[in-house]
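Listed below are the residues making up each chain.
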Amino acid sequence: MVRVHAYAAPAAAEPLAPTTIERRDVGPDDVLIEVRYAGICHSDIHTVNGDWGPQPYPLVPGHEIVGIVAEVGAAVTRHQVGDRVGVGCMVNSCGECANCRNGDEQYCVKGMVPTYGGVDRDGTVTQGGYSTHIVVDADFVLSVPEGIDLAAAAPLLCAGITTYSPLRRWGAGPGKKVAVVGLGGLGHMAVKIAHAMGAEVTVLSQSLKKQEDGLRLGADHYHATGDPDTFEQLAGRFDLIVNTVSARIDLDAYLGLLAVDGTLVNVGAPAEPLSLNVFSLIGARRSYAGSMIGGIAETQEMLDFCAEHRIDADIELISAGQINEAYQRVLASDVRYRFVIDTATLG
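This structure is a prediction, so every number in the text was calculated from the model and none was measured. (Residues numbered from 1 in each chain as written. Predicted model: local features only at pLDDT ≥ 70, side-chain atom pairs only at ≥ 80, totals over all residues. Heavy atoms only, no water.)

1. Some remarks on the overall build of the chain
Across its full length, the chain carries eleven helices and 17 strands. Its C-alpha atoms give the chain a radius of gyration of 20 Å, near enough to 20 Å, the size a compact globule of 347 residues would have. Over its C-alpha atoms, taken along the principal directions, the chain stretches across nearly 60 × 40 × 35 Å. Buried positions account for 55% of the 347 residues belonging to the chain. For the chain, contacts bridging at least 24 residues in sequence account for 67% of all contacts bridging at least 6. Here the chain contributes 25 positive and 42 negative side-chain charges, whose respective centroids are spaced 4 Å apart. (Helix = DSSP H or I, 4+ residues; strand = E, 2+ residues; numbered from the N terminus. Rg over C-alpha atoms; globule rule 2.2 N^0.38 Å. Buried < 20%, exposed > 50% of the residue type's maximum accessible area, 1.4 Å probe, protein only. Contact = heavy atoms within 4.5 Å. Lys, Arg positive; Asp, Glu negative; His and termini not counted. Charge placed at Lys NZ, Arg CZ, Asp CG, Glu CD.)

What follows is the structure, encoded as structure tokens:
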């Protein structure tokens, strides 16, 4: 066991504070990563606040992790010391069920192991990336291409794959009209990726205050959902809508924006249940779906796609001492568009 510096939530809704945690010794299939940068995801805030249920406090959040390989186990062949690597929202799965064998480890029948707040296969509680080092099974370590700035690559490990996966699965591309609900950490990545895929992209945001940003990021159109005329004007318009917000929305209103056979995919995860009228679906053979991150192979595909198209996240780099302030700013939608922690400030 090795003790490393970290920032942890001591209890639900309490400010994060500096601490030290233990990382396991590097086993034959493990990779020790010197964490350089860790993104702050809205999921981190939901989790440490206990919005999604009780947590094993003290808890170190962080599942948008990039760094440099410091040591590899004897059986590891895919990664070498000095490699640029990343870790996303999961660090293990059973590897044997049908979903794991199909490359959908995030939907492991026995439950994938989340990067923090979960129980790893060795029985230890996982602790995340707001730390100086992390030890991860090599099969869950991604290669970060040289063409992406390392700090700006961190949010790709959650926000990037969370939006890339549904865009790819539901066929975003030339000739398709795609709407992105919300222009935050997830939404700004969805706009960039959908644009790179060749789709016609529309941002649906509460107001027009981020319109200039949306168009700069690659959107073709930008509409305010606070204007009731928007829903009448855009009725039946879209083939695919990706909802990135972690708050309640009027699903029936948004489903009305879909064309026949259109799909609304939820990737935001509000703490409250959402409801809809089934006639919003059956009236135009529409679908309502959910999507959670992506498998390891698809995440690597996303990183390679982003490198090829020169896509990374728009970030604000902060020190560890600014984490609690950053949490408040995320809740106030005061970030353009992802906070990333410089982990050199942890120790």
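2. Brief notes about the packing of aromatic side chains
Inspection of every chain in the model, using the stated rule, returns two aromatic pairs. Where phenylalanine 231 meets tyrosine 254, the ring centres are 5.1 Å apart and the plane angle is 90°; that geometry is what we call edge-to-face. Of this pair, phenylalanine 231 sits in helix 7 (residues 229–233) while tyrosine 254 sits in helix 8 (residues 251–255), and the two are 23 residues apart along the sequence. Exposure remark for phenylalanine 231: the relative accessible area of 21% places this residue in the partly exposed category. Residue classification places tyrosine 254 among the buried positions, given a relative accessible area of 7%. (Phe/Tyr/Trp six-rings, centres within 6.5 Å; stacked < 30°, edge-to-face > 60°.)

3. Structural notes on the nonpolar core
With 70 residues, the main nonpolar core has Leu156, Leu167, Val191 and Ile193 as its most contacted residues. Sorting elements by how many residues they give to this core places helix 5 (residues 185–197) first, with seven residues. With residues near it in sequence (within four places) discarded, leucine 156 still touches Ile148, Ile161, Met189, Met302, Leu303, Cys306, Ile311, Asp312 and Ala313. Ranked by size, the runner-up nonpolar core spans 25 residues in total, among them Val4, Ala38, Phe339 and Ile341. (Core = buried A, V, L, I, M, F, W, Y, C linked by side-chain atoms within 4.5 Å.)

4. Some remarks on the packing of helix 4 (residues 159–169) against helix 5
At a minimum axis distance of 8 Å, the contact between helix 4 and helix 5 shows a crossing angle of 45°. Put simply, helix 4 runs oblique to helix 5. For the pair helix 4 and helix 5, the sense of crossing is right-handed. On the side of helix 4, the interface is formed by Ala159, Gly160, Thr162, Thr163, Tyr164, Leu167 and Arg168, while helix 5 contributes Gly185, Leu186, Met189, Ala190, Ile193, Ala194 and Met197. Grouping the constituent residues of the contact of helix 4 with helix 5 by class yields nine nonpolar, four polar and one charged. (Axes fitted to C-alpha atoms, helices over the stretch in contact; angles between N-to-C directions. Parallel < 35°, antiparallel > 145°, perpendicular 65-115°, else oblique. Left-handed = near helix turned anticlockwise from the far one by under 90°. Nonpolar A, V, L, I, M, F, W, Y, C, P; charged D, E, K, R; others polar.)

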